[in-house]
Amino acid sequence: MTELNQQTTYDDNNIFAKMLDGDIPYHKVYEDDKTLAFMDIMPQAEGHVLVIPKQKAVDLADLEPEYAAAVLMTSKKVMQAQRQVFEREGVIQMQLNGSQAGQTVFHYHVHLIPSSIHELGGHAVTQADNNDLADIAQKLAAVIDA
Ligand code: 5GP
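None of these values were measured; they are calculated from a predicted model. (Residues numbered from 1 in each chain as written. Predicted model: local features only at pLDDT ≥ 70, side-chain atom pairs only at ≥ 80, totals over all residues. Heavy atoms only, no water.)

S.K.: How should the packing of aromatic side chains be read in this particular structure?
M.R.: Summed over the entire model, instances satisfying the criterion amount to two aromatic pairs. Aromatic pair phenylalanine 16 and phenylalanine 38: ring centres 5.3 Å apart, planes at 70°, arrangement edge-to-face. Of this pair, phenylalanine 16 sits in helix α1 (residues 15–20) while phenylalanine 38 sits in strand β2 (residues 35–39), placing them 22 residues apart in sequence. According to the relative accessible area criterion, phenylalanine 38 is buried, its value standing at 2%. With centroids separated by 5.8 Å and ring planes inclined at 55°, the aromatic side chains of tyrosine 26 and phenylalanine 38 adopt a geometry described as tilted. Taken together, the positions of tyrosine 26 in the loop between α1 and β1 (28–31) and phenylalanine 38 in strand β2 put the pair twelve residues apart, joining distant regions of the chain. (Phe/Tyr/Trp six-rings, centres within 6.5 Å; stacked < 30°, edge-to-face > 60°. Helix = DSSP H or I, 4+ residues; strand = E, 2+ residues; numbered from the N terminus. Buried < 20%, exposed > 50% of the residue type's maximum accessible area, 1.4 Å probe, protein only.)

S.K.: What should I look at first to understand the sheet that holds β2 in this one?
M.R.: In a beta sheet, neighbouring strands are held together by backbone hydrogen bonds and run either parallel or antiparallel to one another. Strand order in the open sheet made by the five strands is β1-β2-β3-β5-β4, with antiparallel pairing throughout. In the strand order of this sheet, the two ends are held by β1 and β4 (92–94), each with one partner. Taking the axes of each pair of neighbouring strands and ignoring which way they run, one obtains an average angle of 20° across the sheet. As paired elements, β2 and strand β3 (residues 49–53) share five bridges and run antiparallel to each other. Paired with methionine 39 across the bridge in β3 is valine 49. Along the sheet, helix α2 (residues 65–86) makes contact with β1, β2, β3, β4 and β5 (110–113), crossing β3 at roughly 160°. Packed on one face of the sheet, helix α3 (residues 130–145) meets β1, β2 and β3 and runs near 35° to β1. (Pairing = 2+ DSSP bridges. Axes fitted to C-alpha atoms, helices over the stretch in contact; angles between N-to-C directions. Contact = heavy atoms within 4.5 Å.)

And the structure:
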C-alpha cells in the first residue's frame, strides 16, 4: 500500500494561523468575521490574492459549510475587484489539497490569480516587492469598499 505524505492534523504554528493571530504582517485586501483576504507574497501573476477561512482547516476535507460559503463569497468580491483594477476578465481560482498536489501551507486557502493558465508563473517561487504588494492591496480594498 502506498503511504501518503499528507498533513492531516492542523498545526497552530502555520504561517496563516500566525497571520490570523496578528503575529505576522500581511497586505490585507478584505476581512470579515469568517474570512481574511491578503496578497500572496510570491505571486504567480500581478495581483495574486489568497482567501482563508477563520477556521482551523488543513484542506477542503476539514472545511465547515458555513466557512466554505464565506470563503466563496469573499473570493467573489476579490475576483470582481481584480477584474476592475486589472481591467481583465480572466482570473484563475485555484486550491491545492495535500502536499502531493503541491500544497505548501496547511491552512485551507483559495488562490485568486489575474492570469491565464497558459501564462501562470511558478508556484511560490519569486518574492514580490513589498511596496508593490501594498499598492495593489490598497487598490483592491478600495474597490471592494466602494
Ligand atoms: P499552497 O502551496 O499551500 O497552495 O500556497 C501557499 C501560498 O502561500 C503560496 O502561493 C505562497 O507564495 C504563499 N505564501 C507562503 N508564505 C507566505 C507568507 O509568509 N506570506 C504571504 N502573504 N504568502 C505566503
